[in-house]
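# Fold and contact review
One letter stands for each residue in the lines below.
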Amino acid sequence: MTPLLTCKEFLQELSEFLDETTDADIRAKLEKHTTECPNCWVICDTTKKTIKVFKGMQACAIPEDVHARLMAAMEKKNAAKVKA
Amino acid sequence: MGLGIRLCRWRRLLTRIDNPNPINPDEHLLTCDMIDSLVELPAQGTQSGVFDETDLLAQARTGDTRAFSGLISHYEGKIFRLAQHITQNREDAEDVLQETFLKAYEHLDQFQGNSKFYTWIVRIAVNQALMKLRKRKTDRSVSLDEGIDTGEDIMIREIAAWDEDPEQRYSRAELNEILDSAVQSLAPTYRAVFVLRDVEELSTEETAEALELSIPAVKSRLLRARLQLRDKLTSFFKRKGDDAFAYM
Ligand SMILES: [Zn+2]
């Protein structure tokens, strides 16, 4: 008989469970725990949504002025290099 | 405009050219953007439609500044966002951005090519960003490898179910503010790991390499960061009228 997981053990494995990098036997235990423990089910579900909402964050295009100053800094560096 | 959008437009454009019998009357005009995209593509170093940095890197190594500019165009947005996340300050982030590419250009001969170019510049950027933080908080040193924290307890403050797609309750601007302030509340050591793994979507191994941390340290920090953010976001995203508090 496999020993039951405690909630603490469940949380320790949660990240890898959500990334689907746990071994199959541990995965089965974790899945079983979520069906039996409403608290861990909620934590698991809301953590999954947390990750999802951050992954959906759009990278804003770099502001024109920031890009321009970066290119100017590169040019300055090159000019100094050529001179040297 | 993102490269993806550009490519998508380009493909649409090619389909249209290939198609012998067009034309939906309100769809037959090429917009400037489409023409733009056609002209700009080769300059991005994309011949086949997929960004291939190998050639650009090889050229940049010989001192070809235009090739290096191609690399900058591809990665500057990500590096700037990363720097903003870690420093939480736009001015510092811009400094970090410049220092990162200047250093990368200067030390390009030291880039071995056994890691991805992106991971390499991320490592430079993270170091620069942490230096900024250290300078700002001279009283408190910021180090990524202080104490590996695997054993201690994990805090869960509130357990409440969220709606499906809870972010839709907020406008894009409101949402960005909520997410930014949540990230800002993390300790720098957790913040860097979280941003690389879950925002920039680097692998655990790449994150470990970029931050010079062990893989268990990355995993442990990621777990804590995710749970802390979950806690923060719960007050915004929990199901309305569902005030079930529970403590563990
Ligand atoms: Zn549980």
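These figures come from a predicted structure and were not determined experimentally.

### Considering the coordination of the zinc ion
All names here are of chain A. Around the zinc ion, the protein supplies Cys7 (SG), His33 (NE2), Cys37 (SG) and Cys40 (SG) as donor atoms, at distances of 2.1 to 2.3 Å. Read from N- to C-terminus, the donor residues coordinating the zinc ion fall into the pattern C-x25-H-x3-C-x2-C. Under the relative-accessibility criterion, Cys40 is labelled buried at 0%.

### Digging into the interface of chain B and chain A
Counting from both sides, the interface comprises 54 residues of chain B and, opposite them, 38 residues of chain A. Summing both partners gives a buried area of about 4100 Å² for chain B against chain A, and 64% of it is carried by carbon and sulfur. Scanning the region where chain B abuts chain A turns up eight salt bridges. Put simply, B:Asp165 and A:Lys52 hold a salt bridge, and the shortest N to O gap is 3.0 Å. For the interface between chain B and chain A, the tally reads 13 residue pairs in polar contact (both at pLDDT 80 or more). Looking at the side of chain B that touches chain A, the elements that each hand over two or more residues are helix H4 (65–87), helix H5 (90–106), helix H7 (172–184), helix H8 (188–199) and helix H10 (215–237) of chain B.

### Some points on the pattern of salt bridges
Counted according to the given criterion, the structure contains 24 salt bridges over all chains. A salt bridge links B:Arg157 to B:Asp231; the shortest N-O distance between them is 3.7 Å. Of the two residues, B:Arg157 is situated in the loop between helix H6 (117–136) and H7 and B:Asp231 in helix H10; the sequence distance between them amounts to 74 residues. Among the residues examined, B:Asp231 registers a relative accessible area of 11% and is labelled buried. With its nearest N and O atoms 3.1 Å apart, the salt bridge here joins B:Asp231 to B:Arg230. B:Arg230 matches B:Asp231 in its accessibility class, with the two residues each being buried. By sharing partners, the salt bridges in this structure join A:Asp19, B:Arg197, B:Asp198 and B:Arg226 into a single network.

### Focus on the packing of aromatic side chains
Ring pairs (aromatic) are described by centroid distance and by the angle formed between their planes. What the rule picks out here adds up to 12 aromatic pairs over all chains. Between the aromatic rings of A:Phe10 and A:Phe17, the centroid separation amounts to 6.2 Å while the plane-to-plane angle is 65 degrees, which identifies the pairing as edge-to-face. Aromatic pair A:Phe54 and B:Phe194: ring centres 4.9 Å apart, planes at 85 degrees, arrangement edge-to-face. With A:Phe54 in helix H3 (residues 38–55) and B:Phe194 in helix H8, this pair bridges two chains. Pairwise contacts between aromatic rings join B:Tyr75, B:Phe111, B:Phe117, B:Tyr118 and B:Trp120 into one cluster. Over the face of the ring belonging to B:Tyr118 we find B:Lys78, whose NZ or CZ atom lies 4.8 Å from the ring centre.

### Quick notes on the side chain of A:His33
Residues and elements named next belong to chain A. Tracing the backbone through its elements, the reader meets His33 in helix H2 (residues 24–36). On the basis of relative accessibility, which here comes to 9%, the residue His33 falls in the buried class. Ignoring any residue separated from it by four or fewer positions in sequence, one finds His33 in contact with Leu5, Thr6, Cys7, Phe10 and Cys40.

### Comments concerning H4(B)
Residue and element names in this part refer to chain B. Taking 1.5 Å per residue, 23 residues should reach 33 Å; H4 reaches only 28 Å between its end C-alpha atoms and comes up short. The largest bend along H4 measures about 50 degrees and falls at Tyr75. One side-chain oxygen of the residue at the start of H4 lies 2.9 Å from the amide nitrogen of Arg66, identifying that residue as Asp64. Gln88 occupies a position one or two residues after H4 and carries a positive phi of about 60 degrees.

### Let's talk about the packing of helix H1 (residues 7–18) of chain A against H10(B)
Running from amino to carboxyl end, H1(A) crosses H10(B) at an angle of 100 degrees, the nearest separation of the two axes being 9 Å. In terms of their interaxial angle, H1(A) and H10(B) are classed as roughly perpendicular. In this structure, H1(A) contributes A:Leu11, A:Gln12, A:Leu14, A:Ser15 and A:Glu16 to the contact, and H10(B) contributes B:Lys219, B:Leu222, B:Leu223, B:Arg226 and B:Leu227. Looking at side-chain class alone, the contact of H1(A) with H10(B) contains five nonpolar, two polar and three charged residues.

### Topic: the environment of B:Val193
Residue and element names in this part refer to chain B. Structurally, Val193 can be placed in helix H8. When its relative accessible area of 0% is taken as the criterion, Val193 is described as buried. Discounting chain neighbours no more than four positions away, the residues touching Val193 are Thr207, Leu211, Leu213, Val218, Arg221 and Leu222.

### Some thoughts on the side chain of B:Arg230
Structurally, the position occupied by B:Arg230 is in helix H10. A polar contact of 2.7 Å, which involves the side chain of B:Arg230, links it to the backbone oxygen of B:Glu158. Sequence-distant contacts of B:Arg230, that is, excluding residues within four places in its chain, are made with A:Ile43, A:Thr46, A:Thr47, A:Thr50, B:Ile156, B:Glu158 and B:Trp162.

Parameters at a glance
Residues numbered from 1 in each chain as written. Chains lettered and ligands numbered in written order. Predicted model: local features only at pLDDT ≥ 70, side-chain atom pairs only at ≥ 80, totals over all residues. Heavy atoms only, no water. Donors = N, O, S within 2.8 Å, 3.2 Å for Na, K, Ca; no water. Buried < 20%, exposed > 50% of the residue type's maximum accessible area, 1.4 Å probe, protein only. Contact = heavy atoms within 4.5 Å. Buried area = accessible area lost by both parts, 1.4 Å probe. Salt bridge = Lys/Arg side-chain N within 4 Å of Asp/Glu carboxyl O. Polar contact = N/O pair within 3.5 Å; in protein donor to acceptor, adjacent residues only side chain to side chain. Helix = DSSP H or I, 4+ residues; strand = E, 2+ residues; numbered from the N terminus. Phe/Tyr/Trp six-rings, centres within 6.5 Å; stacked < 30°, edge-to-face > 60°. Lys NZ or Arg CZ within 6 Å of the ring centre and 35° of its normal. Expected span 1.5 Å × (residues − 1). Bend = angle between axes of the 7 residues up to and from the residue. Axes fitted to C-alpha atoms, helices over the stretch in contact; angles between N-to-C directions. Parallel < 35°, antiparallel > 145°, perpendicular 65-115°, else oblique. Nonpolar A, V, L, I, M, F, W, Y, C, P; charged D, E, K, R; others polar.

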